[in-house]
Amino acid sequence: MSSDFDTAGSPATETLVVNAKESVRERRAAQIQRVGDHLKREWQLYIMLLPMVVWLIVFLYKPMYGLQIAFKDYSIFKGVANSPWIGFEHFQTLFSNDQFLRAVKNTLIISAYGLLFGFPVPILLALMFNEVLSQKFKKTTQTIVYLPHFISSVIIAGIVITAFSPSAGIVNTILGWFGVDSVYFLTRPEWFRPIFIGTGIWQEAGFQSIVYLAAIAGVSPTLYESAVVDGASRWQMMWKITLPSILPTIIIMLIIRIGNILEVSFEMIILLYQPATYSTADVVNTFIYRQGLQGGQYDFAAAAGLFNAVVAFILVMTANAISKRFSRTSLW
Amino acid sequence: MSGVNLEGITKAYGGFQVVHGIDLEVQEKEFVVLVGPSGCGKSTTLRMIAGLEEISGGSLKIDDRVVNRIAPKDRDVAMVFQNYALYPHLNVEDNIGFGLRIRKESKEKIASSVEEVAGILGLTDYLKRRPADLSGGQRQRVAMGRAIVRQPKVFLFDEPLSNLDAKLRTQMRAEIKRLHKRLGVTSIYVTHDQVEAMTLADRIVVMHDGRIEQVGTPMELFQYPANTFVAEFLGSPPMNMVEATVGASDSGPIAIVGSAQVPLRRLPELQNCVGEKIIIGIRPEFAVPQPTGTKGAVPITVDLIETLGSEALLHATLQDKPFVIRTETMTSSNRLENVGAFTVPPEMIRVFDAESGRALLGQGKAQ
Amino acid sequence: MANMNLYSRGDKLFVITNMVLIGLFALSTLYPFIYITSLSMSAGFEARAGNVILTPVGFTLEAYSKVLSEPQFWISYKNTFIYTIFGTLMSLILIIPGAYALSRPQLYGRRFWNLMVAFTMWFHAGLIPFFLNMRDLGLLDSYFGIIIGFAVSGFNIILLRNFFEGIPQSFEEAARMDGANEFQVLWRVYVPLSKPAIATVALFCIVSRWNGFFWAMVLLQDEEKIPLQVYLRKVIAELSDDEEFATSLLNASYSVETVTASIIVCSIIPIVLIYPFLQKYFSKGILLGGVKE
Ligand SMILES: Nc1ncnc2c1ncn2[C@@H]1O[C@H](COP(=O)(O)OP(=O)(O)OP(=O)(O)O)[C@@H](O)[C@H]1O
Ligand SMILES: [Mg+2]
């Protein structure tokens with residue numbers, strides 16, 4: 001490379017340098033040849049990969065590039081690239097915006113309650129399914145409790161709205177039997193979270209139990225056999241054998257849930273909330289939806305979205321890292 | 001000329017070299033068997049011939065044509081896999097005919113070829129069955145049928161019998177041999193099993209750590225192993241290796257083993273090297289058991305006698321190392337208990353250089 | 001294990017209590033569906049008065065005939081079928097070859113490509129950039145936009161890739177020796193061998209397409225193009241907001257509630273019809289997808 005070296009070096013170093021250069025060049029050439037050969041043999045694989053990669057770039061990575069509008073004064077006419085930079089202005093507005101702060105708070109509260117009440121249910125269900133002796137009964141009940149998972153949120157919301165309606169809804173009818181006055185639940189902020197979380201449990205708990213049932217299926221039968229010989233009752237076996245055996249799965253699911261704590265099913269919230277319940281129902285994503293998609297403040301809403309995405313990413317990666325450590329010893 | 005020619009074939013994974021320059025010439029119609037310990041590069045070599053692994057260096061010729069960079073399908077070779085790789089969703093007929101269909105042969109041609117092959121392999125009654133409904137031996141046959149039907153120039157086998165039980169293995173081994181006689185296609189066969197190697201091979205290639213140790217007919221390898229590795233690898237139980245020192249006597253060279261003296265053949269290499277270390281190799285079959293104290297015999301301590309019907313194995317200790325003798329029981333059972341020494345005819349002793357492990361053969365039998 | 005006589009009294013009590021509790025949970029899951037179905041078949045004023053508890057009261061199918069005579073209902077039903085069928089096909093066309101390529105050890109940059117897929121599961125640009133991107137691509141208010149825009153999901157790719165990786169490499173090698181090119185290997189060997197996994201992915205797609213609501217609502221303004229879920233949402237919102245309309249129906253044979261309920265029933269039916277498959281493949285699917293990454 002350097003001519004200094006060539007002139008200054010002794011003949012010995014010179015040949016050494018030349019050799020080194022040559023071998024580098026040779027290796028380069030061999031490498032290019034190898035890649036060429038590989039492409040000649042395997043080009044079809046890359047053709048197969050191409051459409052999917054193009055899709056990922058166009059529909060998922062290009063929007064990431066578009067995230068820069070969070071730092072820009074975005075104008076539809078100028079487009080993403082040509083709108084002027086304004087730094088962190090949107091973020092400053094965001095963190096002094098009461099509605100946004102409320103949305104962050106609501107997201108965390110709804111998630112936390114969802115976790116607290118929703119997380120144990122599928123585990124309990126799985127433990128209970130495992131204790132059912134009649135296969136027919138087990139199959140039938142499982143078929144029923146998995147069903148709501150496949151029903152769209154619009155329908156679920158429709159059912160909820162109908163069931164909780166003040167005049168005709170079954171809930172108020174039943175309350176009426178006990179002399180309670182009809183309540184318009186869906187306009188009451190204090191009722192939104194219980195209804196939303198309860199609906200979530202009703203819809204997903206059955207289906208989520210599948211993971212735990214699979215873990216239970218992996219427990220060695222010899223453990224139970226020796227417990228029977230030792231005279232353990234089924235109740236004891238459930239707590240002393242089954243539950244500890246699926247503990248790794250439980251921990252991993254918990255970590256994953258915590259990692260996704262910002263992910264509230266906002267689609268359902270959009271369907272169930274109304275201005276009267278914003279104070280307890282509005283979460284970050286519904287806030288973004290209203291400000292951005294309904295209100296047209298794209299750049300500001302994108303800033304909220306970026307904040308959300310970055311925090312979520314950190315949480316998810318942390319959860320992944322932790323669960324990887326656990327999963328080494330577990331099935332899942 | 002459907003030979004296969006390997007010249008300096010190497011293979012490296014990343015920077016890690018696993019095959020170090022293999023030279024091998026397989027003649028047309030020859031049946032060559034690659035053997036060697038696990039991980040020595042047999043499969044890798046075979047797969048490079050098949051075109052399933054890229055060749056890192058050297059040149060590979062099939063039929064005098066360099067095929068290093070030819071796709072597997074254009075090399076005109078067929079391979080039988082260890083797990084057979086029968087397509088589970090196709091029946092026997094379609095499994096055998098798969099290659100022909102891919103090559104867009106006519107329906108009639110496919111049908112008649114498949115029928116012929118099924119006839120050869122005795123699969124005619126099973127054509128409509130799925131692989132899952134076949135026995136191990138039948139699956140093996142289908143795998144062979146899939147290879148045969150295309151009438152390739154070369155057959156490659158990677159441990160095709162290792163998934164079968166001992167009895168079926170013997171049976172299929174004979175069948176492969178018969179097929180090879182009948183079809184006369186050049187074959188390269190990888191195995192762990194030295195009995196397979198000995199019975200099937202026209203020539204055996206012994207590999208070790210990505211290199212060829214020796215190539216030769218089964219008898220050549222058995223009688224004149226080129227080095228201690230081959231000597232110990234072939235034969236069961238393996239050849240006994242005994243450290244010794246060269247000595248001289250009136251009747252010729254001797255090996256001094258402890259206090260005993262074992263007469264050796266008059267090998268030119270042994271002249272003028274009295275006192276040097278050698279290893280003598282004695283096959284268990286060739287050591288003749290002698291009663292304790294026999295004059296001129298090497299004393300040993302017998303620890304265990306295993307009787308295998310017509311034969312017995314004497315497990316003994318010599319110089320703190322195991323020493324095995326295989327002997328017939330019919331003639332000698334009455335004196336097995338008294339054995340405390342052995343003798344060997346000098347021509348049955350193999351002599352190896354202690355340092356390099358190379359055989360001192362005397363008549364240039366080495367490859 | 002199933003012989004109850006072998007159990008102690010405590011165990012029997014436990015087993016029976018357990019069965020009762022599970023039965024109750026199952027009933028509480030089933031009840032809303034029964035309730036909605038009964039509601040849809042009840043007389044409007046009975047429904048309005050809250051008299052429907054379990055079975056239809058004042059049985060009538062008026063609500064259905066009202067719903068089925070609405071042209072917009074059929075338009076959106078047809079649209080949902082279009083989005084479901086073509087969307088699922090689009091997904092499979094993109095995902096199957098892609099996942100196969102990702103599963104091949106000989107693929108150069110395999111780690112990079114896999115990371116590219118996995119990263120999309122960890123980080124989303126969010127609603128706004130995605131929406132603006134669709135707009136910039138001219139995919140607002142377009143059938144094609146809905147079909148292509150949601151065709152690929154990282155989870156489905158990884159699920160299928162894991163399945164392909166579990167198929168012994170020797171099948172590919174055998175097919176290659178038999179003369180197959182990579183497309184033939186995939187189409188004639190790997191696809192037939194992966195039917196369960198592909199069925200799982202297809203069902204994931206079908207369900208998410210059939211139920212898809214949010215983006216259809218955001219991206220489609222044209223009533224001619226909206227799917228059933230968006231239509232259903234509109235009906236529910238309009239009916240429950242419009243008190244005047246509601247009271248005008250006070251004595252009609254159908255009501256806000258029964259109309260809503262009958263649309264719900266109509267849109268659940270297809271899901272219930274394929275439910276046996278859903279149950280079978282979904283449980284496998286979530287376990288398969290969870291194995292790695
Ligand atoms: N894809 C790979 N990457 C890195 N090293 C590999 C790869 N495949 C094989 N090797 C290494 O190459 C060496 C030779 O492997 P090969 O499969 O050829 O052995 P073999 O002789 O067939 O053994 P066996 O009798 O166990 O089948 C082994 O050390 C193995 O670890
Ligand atoms: Mg091998």
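Residues numbered from 1 in each chain as written. Chains lettered and ligands numbered in written order. Predicted model: local features only at pLDDT ≥ 70, side-chain atom pairs only at ≥ 80, totals over all residues. Heavy atoms only, no water.

1. Describing the UniProt feature "domain: ABC transporter" (unreviewed entry) in chain B
UniProt's entry tags residues 4–234 of chain B with the feature "domain: ABC transporter" (unreviewed entry), counted in the numbering of this structure. Annotation note: span residues 4–234 of chain B, helix share 37%, strand share 26%, distance between end C-alpha atoms 25 Å. (UniProt positions renumbered as here; feature names shortened; annotations may be inferred. Helix = DSSP H or I, 4+ residues; strand = E, 2+ residues; numbered from the N terminus.)

2. Structural notes on the packing of helix 4 (residues 136–148) of chain B against helix 5 (residues 166–183) of chain B
Axes are the key here: two packed helices are described by the angle between their axes and the distance separating the axes. Residue and element names in this part refer to chain B. It is the contact of helix 4 with helix 5, at a shortest axis distance of 11 Å, that shows an interaxial angle of 20°. Considering their axes alone, helix 4 and helix 5 lie roughly parallel with respect to each other. Helix 4 and helix 5 meet at a crossing whose hand is right-handed. For the pair helix 4 and helix 5, contact is made by Gly137, Gln140, Arg141, Met144 and Ile148 and by Leu168, Gln171, Met172, Glu175, Ile176, Leu179 and Leu183, respectively. (Axes fitted to C-alpha atoms, helices over the stretch in contact; angles between N-to-C directions. Parallel < 35°, antiparallel > 145°, perpendicular 65-115°, else oblique. Left-handed = near helix turned anticlockwise from the far one by under 90°. Contact = heavy atoms within 4.5 Å.)

3. Brief notes about the site of ligand 1
All names here are of chain B. Taken together, Tyr13, Val18, Ser38, Gly39, Cys40, Gly41, Lys42, Ser43, Thr44, Glu159 and His192 make up the full set of residues adjacent to ligand 1. Separating a nitrogen atom of ligand 1 from a side-chain N or O atom of Tyr13 is a distance of 3.3 Å. Side-chain polar atom of Ser38 to an oxygen atom of ligand 1: 2.5 Å apart, as the coordinates give it. Compared with its free state, where it exposes 630 Å², ligand 1 has 59% of that area covered by protein. Per-element tally for the shell around ligand 1: the top contributor is helix 1 (residues 42–50), with three residues. (Near = heavy atom within 4 Å. Polar contact = N/O pair within 3.5 Å; in protein donor to acceptor, adjacent residues only side chain to side chain. Areas by Shrake-Rupley, 256 points an atom, 1.4 Å probe, with all protein chains shown as cover.)

4. As for the interface of chain B and chain A
Listed per partner, the contact involves four residues of chain B and six residues of chain A. Note on chain B versus chain A: buried area summed over both sides is about 460 Å², and carbon and sulfur give 25% of it. The largest share of the area that chain B buries against chain A comes from Gly51, Glu54 and Arg69 of chain B, three residues that together contribute 86% of it. There are two salt bridges connecting chain B and chain A. One salt bridge connects Glu54 of chain B with Arg41 of chain A, and the closest N-O pair in it is separated by 3.7 Å. The tally of links from chain B across to chain A stands at two residue pairs in polar contact (both at pLDDT 80 or more). (Buried area = accessible area lost by both parts, 1.4 Å probe. Salt bridge = Lys/Arg side-chain N within 4 Å of Asp/Glu carboxyl O.)

5. Some words on the pattern of salt bridges
Where charged atoms from two side chains of opposite charge approach closely, those side chains can pair. All names here are of chain B. Following the criterion strictly, the structure yields 28 salt bridges over all chains and no others. Two residues, Lys11 and Glu53, come together in a salt bridge whose shortest N-O distance is 3.7 Å. Here Glu53 lies in the loop between helix 1 and strand 4 (57–62) and Lys11 lies in strand 1 (residues 4–13), a separation of 42 residues in the sequence. Of the two residues, Lys11 and Glu53, neither departs from the other in class, the shared state being buried. Where Arg326 meets Glu311, a salt bridge forms, and the shortest distance between an N and an O atom there is 3.1 Å. A residue pair is termed long-range when its members are at least 10 positions apart, and Arg326 in strand 19 (residues 321–328) and Glu311 in strand 18 (residues 311–318) qualify at 15 residues. Overall, the relative accessible area of 28% leaves Glu311 in the partly exposed class. (Buried < 20%, exposed > 50% of the residue type's maximum accessible area, 1.4 Å probe, protein only.)

6. Comments concerning empty space enclosed by the protein
All names here are of chain B. What the rule picks out here adds up to six cavities of 30 Å³ or more. Its volume calculated, the largest cavity comes out at about 90 Å³. Along its surface, the largest cavity is lined by Phe31, Val80, Met144, Ala147, Ile148, Phe155, Phe157, Ile176, Leu179, His180, Leu183 and Ser187. Only helix 4, strand 7 (154–158) and helix 5 provide two or more residues apiece to the lining of the largest cavity. Per-element accounting of the lining of the largest cavity gives the leading share, four residues, to helix 5. Residues of the lining of the largest cavity, tallied by class, amount to 10 nonpolar, two polar and no charged. The leading source of residues in the lining of the second largest cavity is helix 4, at three residues. Looking at the lining of the second largest cavity, its residues break down into seven nonpolar, no polar and three charged. (1 Å grid on protein atoms, 1.4 Å probe; cavity = no way out; pocket = protein on both sides within 12 Å on 5 of 7 lines; lining within 4 Å. Points joined across faces, edges and corners; volume = space filled by probe spheres on them. Nonpolar A, V, L, I, M, F, W, Y, C, P; charged D, E, K, R; others polar.)

7. Some points on the confidence of the model for chain C
In this model, chain C carries a mean pLDDT of 88, and residues with pLDDT of at least 70 account for 90%. Two numbers describe this predicted complex: its pTM, 0.86, and its ipTM, 0.89. (pLDDT = per-residue confidence, 0-100.)

8. A word on helix 5 of chain B
The end-to-end C-alpha distance of helix 5 of chain B is 26 Å, a good match for the 26 Å that 18 residues give at a rise of 1.5 Å each. Those residues of helix 5 of chain B that sit buried are Met172, Arg173, Glu175, Ile176, Leu179 and His180 of chain B. (Expected span 1.5 Å × (residues − 1).)

9. Considerations on the UniProt feature "transmembrane region" (unreviewed entry) in chain C
All names here are of chain C. Residues annotated in UniProt with the feature "transmembrane region" (unreviewed entry) correspond here to residues 12–34, 81–100, 112–131, 143–164, 185–210 and 259–278. For residues 81–100, helix accounts for 100% and strand for 0%, while the C-alpha atoms at its two ends are 28 Å apart. The span residues 143–164 shows a helical share of 82% and a strand share of 0%, and its end C-alpha atoms are spaced 32 Å apart.

10. Quick notes on the sheet that holds strand 22 (residues 359–360) of chain B
Residue and element names in this part refer to chain B. Spatially, six strands are ordered 13-12-11-14-21-22 in an open sheet, and the strand pairing comes out antiparallel. Since the sheet does not close on itself, it has two edges, and those belong to strand 13 (260–263) and strand 22, each with one partner. Relative to strand 13, strand 12 (residues 252–257) runs antiparallel, the two being bridged by four bridges. Among the inter-strand pairings, Val257 is bridged to a residue of strand 13, identified as Ala260. (Pairing = 2+ DSSP bridges.)

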